Amino acid sequence: MDEWEKKNKIIVEDLYDKGWCVLDNYIPEEFRKELLKEQRELLMHGQFRLAGIGKGESFAIKPEIRSDKVLWMDESLLTPLQEVYWDKMEKLRTAINQRCYLGLKSFEAHFAMYPQGSFYLRHLDQFQSVSYRIVSVVLYLNETWDESDGGELRMYYTRPDGIEDFQDFLPLGGRVVVFLSGEVPHEVLPTNKERISITGWMKDRE
């Protein structure tokens, strides 16, 4: 079993047992730096757009709910770096299917950038118009991050006694967060500096 298979096994077992996983150093540091450099170049060329709420005709920009900027990846036009990441996600998708039987068939993703002062209120990644999103995958690319920088991912869960609780996770570079899209409410707390990630979803349709 190689290093990637070991990391994917940890993710898959956590996903099976509790519905979410947080794993540090998921990608090599050099690869993280390369992805971050590419994302910053795309950002500099103005290819990012304000993210919105909803899908299709119901899509709307709602800065009071979310204030991040995104750049969707086109599977048919991936850069060499994005192709490497896509391949890693395909391996993870296969591993999840083998253990969790979720019928995952495809993957979609975008670069996400939260400017200083931005946030995303509590929500689920799976809702009526995107019911095909089954597993969410967030990979952080940030260079350095301290508690004072804010921008934590807050994930809500139900304790064995039935009471809702939450855990906060800093967006540390190389950290990956994987969770069931329709079962884990979460939010991005206000960030005190630019916060960069790749956010993706494994879907049960092509």
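Further up the page is the structure itself.
Residues numbered from 1 in each chain as written. Predicted model: local features only at pLDDT ≥ 70, side-chain atom pairs only at ≥ 80, totals over all residues. Heavy atoms only, no water.

### Considering the overall build of the protein
- Across its full length, the protein holds three helices and 11 strands.
- The secondary structure elements of the protein, listed N-terminal to C-terminal, are α-β-α-β-β-α-β-β-β-β-β-β-β-β.
- The 206 residues of the protein split such that 50% are buried.
- Counting only contacts in the protein whose residues sit at least 6 apart along the sequence, the fraction spanning at least 24 positions is 77%. (Helix = DSSP H or I, 4+ residues; strand = E, 2+ residues; numbered from the N terminus. Buried < 20%, exposed > 50% of the residue type's maximum accessible area, 1.4 Å probe, protein only. Contact = heavy atoms within 4.5 Å.)

### A short note on the packing of aromatic side chains
- Counted by the stated rule, this structure contains five aromatic pairs.
- A cation over an aromatic ring shows up here: Arg-154 above the ring of Phe-166, its NZ or CZ 4.0 Å from the ring centre. (Phe/Tyr/Trp six-rings, centres within 6.5 Å; stacked < 30°, edge-to-face > 60°. Lys NZ or Arg CZ within 6 Å of the ring centre and 35° of its normal.)

### Some words on the pattern of salt bridges
- Taken as a whole and judged by the stated rule, the model has 14 salt bridges.
- A salt bridge links Lys-91 to Asp-87; the nearest nitrogen and oxygen atoms lie 2.7 Å apart. In this pair, Lys-91 and Asp-87 both sit in helix 3 (residues 80–100), four residues apart, roughly one turn of the helix.
- In this structure Lys-91 comes out as partly exposed when scored by relative accessible area, which is 46%.
- Its relative accessible area of 39% is what places Asp-87 among the partly exposed residues.
- Of the charged contacts in the structure, one is a salt bridge between Lys-203 and Glu-108, with a shortest N-O distance of 3.5 Å. (Salt bridge = Lys/Arg side-chain N within 4 Å of Asp/Glu carboxyl O.)

### Brief notes about the sheet that holds strand 8 (residues 164–169)
- Pairing in this open sheet of four strands is antiparallel, and the strands run 5-10-7-8 from one edge to the other. The strands lining the two open edges of the sheet, one partner per strand, are strand 5 (120–123) and strand 8. With strand direction ignored, the average angle separating the axes of adjacent strands in the sheet is 15 degrees.
- Looking at chain direction, strand 5 and strand 10 (residues 186–188) are connected through two bridges and run antiparallel. Each residue of the ladder has a partner; that of Tyr-120, found in strand 10, is Val-188. (Pairing = 2+ DSSP bridges. Axes fitted to C-alpha atoms, helices over the stretch in contact; angles between N-to-C directions.)

### With respect to the nonpolar core
- Residues Leu-92, Ile-96, Val-135, Leu-141 and Met-202 are the most contacted members of the largest nonpolar core, which totals 38 residues.
- Among the secondary structure elements, those contributing two or more residues to this core are helix 1 (3–18), strand 1 (20–23), helix 2 (29–44), helix 3, strand 4 (106–114), strand 6 (133–140), strand 9 (176–180) and strand 11 (195–203).
- Broken down by element, the residue count for this core peaks at eight residues, all from helix 3.
- Among all residues touching Leu-141, those that are not within four sequence positions of it are Ile-27, Arg-32, Leu-35, Leu-36, Gln-39, Phe-111, Gly-173, Ile-196, Ser-197 and Ile-198.
- Ranked by size, the runner-up nonpolar core spans 12 residues in total, among them Tyr-114, Val-138, Leu-153 and Val-184. (Core = buried A, V, L, I, M, F, W, Y, C linked by side-chain atoms within 4.5 Å.)

### Brief notes about the packing of helix 1 against helix 3
- Contact geometry of helix 1 with helix 3 gives a least axis separation of 9 Å together with a crossing angle of 45 degrees. Here helix 1 lies oblique to helix 3, going by the angle between them. For helix 1 against helix 3, the interelement crossing comes out right-handed. From helix 1, Trp-4, Asn-8, Ile-11, Val-12, Glu-13, Leu-15 and Tyr-16 reach across to helix 3, where they touch Lys-88, Lys-91, Leu-92, Ala-95, Ile-96, Arg-99 and Cys-100.
- Residue composition of the contact of helix 1 with helix 3, grouped by class: nine nonpolar, one polar and four charged. (Parallel < 35°, antiparallel > 145°, perpendicular 65-115°, else oblique. Left-handed = near helix turned anticlockwise from the far one by under 90°. Nonpolar A, V, L, I, M, F, W, Y, C, P; charged D, E, K, R; others polar.)

### Overview of helix 2
- Given a rise of 1.5 Å per residue, 16 residues ought to cover 22 Å, and the 23 Å separating the end C-alpha atoms of helix 2 matches this to within 8%.
- Taken as a whole, helix 2 has its buried residues at Phe-31, Arg-32, Leu-35, Leu-36, Glu-38, Gln-39 and Leu-42. Along the long axis of helix 2, the arc covered by the buried residues comes to 165 degrees, so they all point the same way. Relative to its buried face, helix 2 has exposed residues pointing more than 90 degrees away, namely Glu-30, Lys-37 and Met-44.
- Among the structural elements, strand 3 (69–72), helix 3, strand 4, strand 6 and strand 11 are those in contact with the buried residues of helix 2. (Expected span 1.5 Å × (residues − 1). Arc of directions from axis to C-beta.)

### A look at the environment of Leu-180
- Within the fold, Leu-180 resides in strand 9.
- As for Leu-180 and Gly-19, which are separated by 161 residues in sequence, their C-alpha atoms are 5.6 Å apart.
- Not counting chain neighbours up to four residues away, the residues in contact with Leu-180 comprise Leu-15, Gly-19, Leu-102, Ile-134 and Val-135.

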